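Residues per chain are reported as follows:
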Amino acid sequence: MTQVIGIGSAVFDILMTADRFPAEDTKLEGRETKLQCGGPCATALVAMSKLGVSSAYMGTVGGDMYGSFIRAELERYGVGTQYLRTAAGQQSFHSFILLNLANASRTCVWNRGTVQPPLAQDVDLDALRAAACLHLDGHQLDCAVYAAGKAREYGVPVSLDAGGVYPGIGRLLPLVDILIPSEEFALRFTGCATAEEAAAALQQRFGPSVLVITQGSRGGFLWDAACGRPLRYPVYPVRAVDSNGAGDTFHGAFAAARIKGLLPPDAAAFASAASALKCTRFGAQQGIPSWTEVIAFQKEHEGVIRHG
């Protein structure tokens, strides 16, 4: 049985590092180039697979070199592709990412391609019914809403990486059990002045069983609905060399930790450690650590002060 089914973005990335960000209309020599699969959903599924939780991607790629690469990379990291369709003659989602080595920031230029989003009839309901979790990232919204509705009908928890305020995203939020928005999303969607106020508003309106607000390098917090207050999780300071995929790793690691039995506060701490460790390595998916590596990293950093 596949434990997690993912529906959302899978992207062909060209990642290049440089000593600085170039000025417009100039030339700059790069340091290292990597072809990789990216996208919030796909990268989270790779994280789950690397952490010992079986996952599979459900979606569509084009019948081009980008689509072939995406499929091959998912398979290389153990993510199931039995539900991945190929649209002949269509161009897959692809992007160019420049990583600034001076501060580990990333700049992305992307192209959506010509692949049409999956439809409700493309969802394998038998696979979804048997899954332990459905993971979404807000892309492929119509299909995601349908799948989330069926998952709720089947009693399958729905996890959402709410990174962007996409048109219509409010249709999906009432169907989500594990809601993990970025601080930017929470503030924009609710119109609140602070992340804590936004968390309270999201909890009251949608009632997820777990609500975590991520705040980048500042860490983040779980929202304790019973007490009406934030519970901050640990931040692990590292020397970052590549932050690309760090947030996606957090989402995948949180889901994997919950499936393996960790309570939400421990799952958030584990996910924070996995994300930090990933930042020390080059490659959005290649750099994701294993379960044993994360546990060892946490033990090395025992006594870390909770941020905030």
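Definitions and cut-offs
Residues numbered from 1 in each chain as written. Predicted model: local features only at pLDDT ≥ 70, side-chain atom pairs only at ≥ 80, totals over all residues. Heavy atoms only, no water. Helix = DSSP H or I, 4+ residues; strand = E, 2+ residues; numbered from the N terminus. Expected span 1.5 Å × (residues − 1). Buried < 20%, exposed > 50% of the residue type's maximum accessible area, 1.4 Å probe, protein only. Arc of directions from axis to C-beta. Contact = heavy atoms within 4.5 Å. Pairing = 2+ DSSP bridges. Right-handed = clockwise from strand over helix to strand, strands pointing away.

### Some points on helix α2 (residues 65-76)
Here α2 is 12 residues long and its end C-alpha atoms lie 16 Å apart, about the 16 Å a rise of 1.5 Å per residue gives. Among the residues making up α2, those that are buried are Y66, G67, I70, E73 and L74. Around the axis of α2, the buried residues are gathered within 130° of arc, so they sit on the same side. Turned more than 90 degrees away from the buried face of α2 sit M65 and R76, all of them exposed. Along its buried surface, α2 packs onto β2 (11-18), β3 (32-38), α1 (40-50), β4 (55-62), β5 (80-87) and β6 (94-100). The positive-phi residue at the C-terminal boundary of α2 is G78, with phi of around 85°.

### Points about the pairing of strand β9 (residues 158-162)
Of all five residues that make up β9, five are buried, and the element is covered over most of its length. Here β9 shows a buried face lined by V158, L160 and A162 and a second buried face lined by S159 and D161. In terms of strand pairing, strand β8 (residues 133-136) meets β9 through three bridges, oriented parallel. Within the sheet, the bridge partner assigned to L134 lies in β9 and is V158. Between the parallel elements β8 and β9, the chain passes through helix α4 (residues 141-154) in a crossover that is right-handed. Bridge count for β9 against strand β10 (residues 178-181) is four bridges, and the pairing is parallel. Bridge pairing in β10 places A162 opposite P181.

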